[in-house]
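# An overview of the molecular structure
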Amino acid sequence: MTGSCPIMITEIVIVRHPVSVCVPVNHKVTLRVRAEGKGILSYQWFSEDEKEVPGGTQSDLTIRASKTQRYVCRVNDHFHNYVFSEWVKVKVLDIDKSGLPVDWQGEPHIAINPKPETVQLGTKLSLRCAAFGIPTPHYQWYRNGQPLLDKTSDILQIDGATAEHGGSYLCSISNVLEERWTEPVDINVVQPEQPPLTATDKVALLIGNLNYNSHPGLMAPVMDVHELGNLLQQLGFRVVSLLDLTRQEMMAAIDKFIQLLDRGVYGLFYYAGHGYEHAGRNYLVAVDAPQPYQTKNCVCVQRVMSQMQERQTAMSVILLDTCRKWYNQGCIPSVIKALRPNGNTVYGYATCEDAEAYEVQDGGKSTGIFTKYLNKHILQEAKVTHVLERVSEDVGKDPLVTGKQAVEIKHTMKEPRSLKDKVQTAGHTRELHLRDVCWRQANELPRKKQLTFPCGVKVEVSFSALFSNVLVAFATLKATPDQTQDCTVTLSSNPPMEDIFSRPGRSEDMDSLLLNETLNPDCTLRLCSLQKLKESVVLKVDLHYTHKDSNVRHTESRQVDIGKPLVASCKLYRENHTRDKKTNGATAQTTGNISHSKSQQHQNLAAPHRHFTRKAECAAKTPTAWSNEPEENDENELLDFRPSE
């Protein structure tokens, strides 16, 4: 493209330069150059890679635009003079051109309008419009009717949007032929969204005390703990659920629970049973608490919360379905170090200060009023305090406890955390593994066993956990040879363990709710209070059958060592721990499809379509001997509430 003459004489004048254009793909474009000079002028068009355009030797260059490309034209005469036109761009937009008129003459045709956007404060704002035009259109952006003098391209971009960048935007698009306007769009600049809150893990300890040695028994904690445990598992919690714990066992279980907590973990502690309030502290009554009892015989709730906070949990929740009657306010309360202002602690009380909590019996199913509505709302995706507020509203509307029980919520929540938040384990895999090992230790079931007796009968022994310290063993006849008739199977354990559900007053309806009806075993054995085990459990499976030929009744036995199942492996007992007298000498109960006889009194109470609430009355104080007795629940008085007919 360089001339051979060292001195260039510029006697050629371009009087009309080509113009840049913006067209659709494969649109026919003509670029024109007009020049004046001596003699006959010649032309050569070049593309931006400095290659001659084939056939581009005329003042007009007609091309079929397939891609964006730059062009220039060289004009020279016979005297070795030459001059170049201005570079022009043929911009090709590979976008919808369906609205382009057939007889389009090059006036601006808007193909892309800007779109409304909501951008976060400090992020990039980008708007785009596009138009075909010959010549290429000029762009001018406006905000709220005012021109943005530095925004003159098809893309408007603002790095780090602020509140003042919000408003109504549009763009003027024009060339020598015409001016067009895009549609106005609204831009909202908002505060940046907070990333979803997550937990590094979620751990729950549920304790229900019902069979007290020296105090009235309860009914509701069985179903309350069972149903709440199932719901928490649906929320992704690792759940340990325990029934009937002594104070030493409660303290040991809480210690294990605290060990499972760590930075970022959601910890939840739930208790259903007898309780009271003393000098601003809440106390949970263990099943072995004497009568009268003192604070040293109970577990202080505030101490549990303090231990949870020391583990730097992301959220610590304590839910108490227990009474809060004041007791002996003149005594010295437990000494507890004040909580640090870490926040994200929640107390959900079933009732307010110096008041009772109630449980209701509907047929054979008993449940605490507070836990009944807690279970109704707990799966909702809402801040935990909002869930408790809905529980409070429902309890307030319940006619059984109107004016008698009101939920109280105390919290230091500084973040909108929910029990339904997802678990994010990234960066916490080691701690997660340690918690997983510890949790599995308290929830590991014995493996299913297949037994073959000498007579050829085959029995399957399987297991299920009602609670972390209540194991159910099932025996099911799987094969019976022709020579064996009337086969039955029974189960017993060594050491023998009491079945707390077989005591008088436990209903068959409750039993059926606790078991998987699809199993349909031939025999069932419940092993309760597994936390007291110091040795392996051996199951004895007795098969009874009649020989077809001799018509003689026979018994054959097999034994299965199931080790220390569930929480038994955690050794919640202490060396100086002595089993309750009720447990020692108790005999394992064998139940065929869970059938228990009931006292006439309980059968009357559990009649269908009748509703009861069990009122927590203050125990009457007698001179001298009962002067230190706390104001505790008297569960013997049942208030009968019948629906209006």
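Just so you know, these numbers come straight off a predicted model, no measurement behind them.

## Overview of the confidence of the model for the protein chain
Atom-level detail of predicted coordinates should not be read off regions where pLDDT is low. Averaged over every residue, the pLDDT of the protein chain is 82; residues scoring 70 or more account for 81%. Low pLDDT, under 50, characterises residues 575-645; the stretch is placed with 161 contacts to residues that sit more than four places away or in other chains.

## Points about the side chain of serine 462
Tracing the sequence through the fold places serine 462 in strand E32 (residues 458-467). Ignoring sequence-local partners within four residues, the contact set of serine 462 consists of Lys448, Val472, Ala473 and Phe474.

## Here's the deal with helix H2 (residues 247-259)
Here H2 is 13 residues long and its end C-alpha atoms lie 18 Å apart, about the 18 Å a rise of 1.5 Å per residue gives. Inspection of H2 places Glu249, Met250, Ala252, Ala253, Ile254, Phe257 and Ile258 among the buried residues, and these make up the whole buried set. Where H2 is buried, its residues touch strand E20 (201-208), strand E21 (238-243), strand E22 (265-272), strand E24 (281-285), strand E25 (298-300) and helix H3 (301-310).

## Section: the nonpolar core
Within the largest apolar cluster, 122 residues are counted, with the highest numbers of intra-cluster contacts made by Leu232, Leu268, Phe269 and Leu539. For this core, the element with the highest residue contribution is E22, accounting for seven residues. Each of domain 3 (201-328 + 337-440) and domain 4 (444-502 + 512-570) contributes no fewer than three residues to this core. By size, the runner-up hydrophobic cluster in this structure holds 27 residues, among which are Val23, Val88, Leu100 and Ala130.

## A word on the environment of arginine 74
Relative to the helices and strands, arginine 74 is located in strand E7 (residues 69-76). Among the residues examined, arginine 74 registers a relative accessible area of 18% and is labelled buried. Linking arginine 74 and phenylalanine 46, residues 28 residues apart in sequence, is a C-alpha distance of 7.9 Å. Engagement of the side chain of arginine 74 in a polar contact is seen with the side chain of asparagine 76, the distance being 3.4 Å.

## Considering the sheet that holds strand E34 (residues 484-494)
Working definition: the strands of a sheet are paired by backbone hydrogen bonds and lie parallel or antiparallel to each other. In space, the three strands of this open sheet follow the order E34-E36-E37, with antiparallel pairing throughout. Unpaired on one side and paired on the other, E34 and strand E37 (553-563) mark the two borders of the sheet. On average, adjacent strands in this sheet sit at an angle of 20° to one another, irrespective of strand direction. As paired strands, strand E36 (residues 537-547) and E37 are joined by ten bridges and run antiparallel to one another. What sits directly across from leucine 543, in E37, is glutamate 556.

## Section: the sheet that holds strand E26 (residues 315-321)
A sheet is described by the order of its strands in space; here six strands give the open sequence E21-E20-E22-E26-E27-E30, paired in mixed fashion. Taken across any chain shown, the strands that pair with only one partner, and hence form the sheet edges, are E21 and strand E30 (408-411). Between one strand and the next, the sheet's axes are offset by a mean angle of 10°, whatever the strand orientation. Both E20 and E21 contribute to a ladder of six bridges, which runs parallel. In the strand pairing of E21, isoleucine 207 is matched with leucine 242. Against the sheet, H2 contacts E20, E21 and E22, and its axis sits at roughly 170° relative to E20. Across the sheet, H3 touches E22, E26 and strand E27 (345-349), and the angle it forms with E26 is around 160°.

So, how was this worked out
Residues numbered from 1 in each chain as written. Predicted model: local features only at pLDDT ≥ 70, side-chain atom pairs only at ≥ 80, totals over all residues. Heavy atoms only, no water. pLDDT = per-residue confidence, 0-100. Contact = heavy atoms within 4.5 Å. Helix = DSSP H or I, 4+ residues; strand = E, 2+ residues; numbered from the N terminus. Expected span 1.5 Å × (residues − 1). Buried < 20%, exposed > 50% of the residue type's maximum accessible area, 1.4 Å probe, protein only. Core = buried A, V, L, I, M, F, W, Y, C linked by side-chain atoms within 4.5 Å. Domains from an automatic or database assignment. Polar contact = N/O pair within 3.5 Å; in protein donor to acceptor, adjacent residues only side chain to side chain. Pairing = 2+ DSSP bridges. Axes fitted to C-alpha atoms, helices over the stretch in contact; angles between N-to-C directions.

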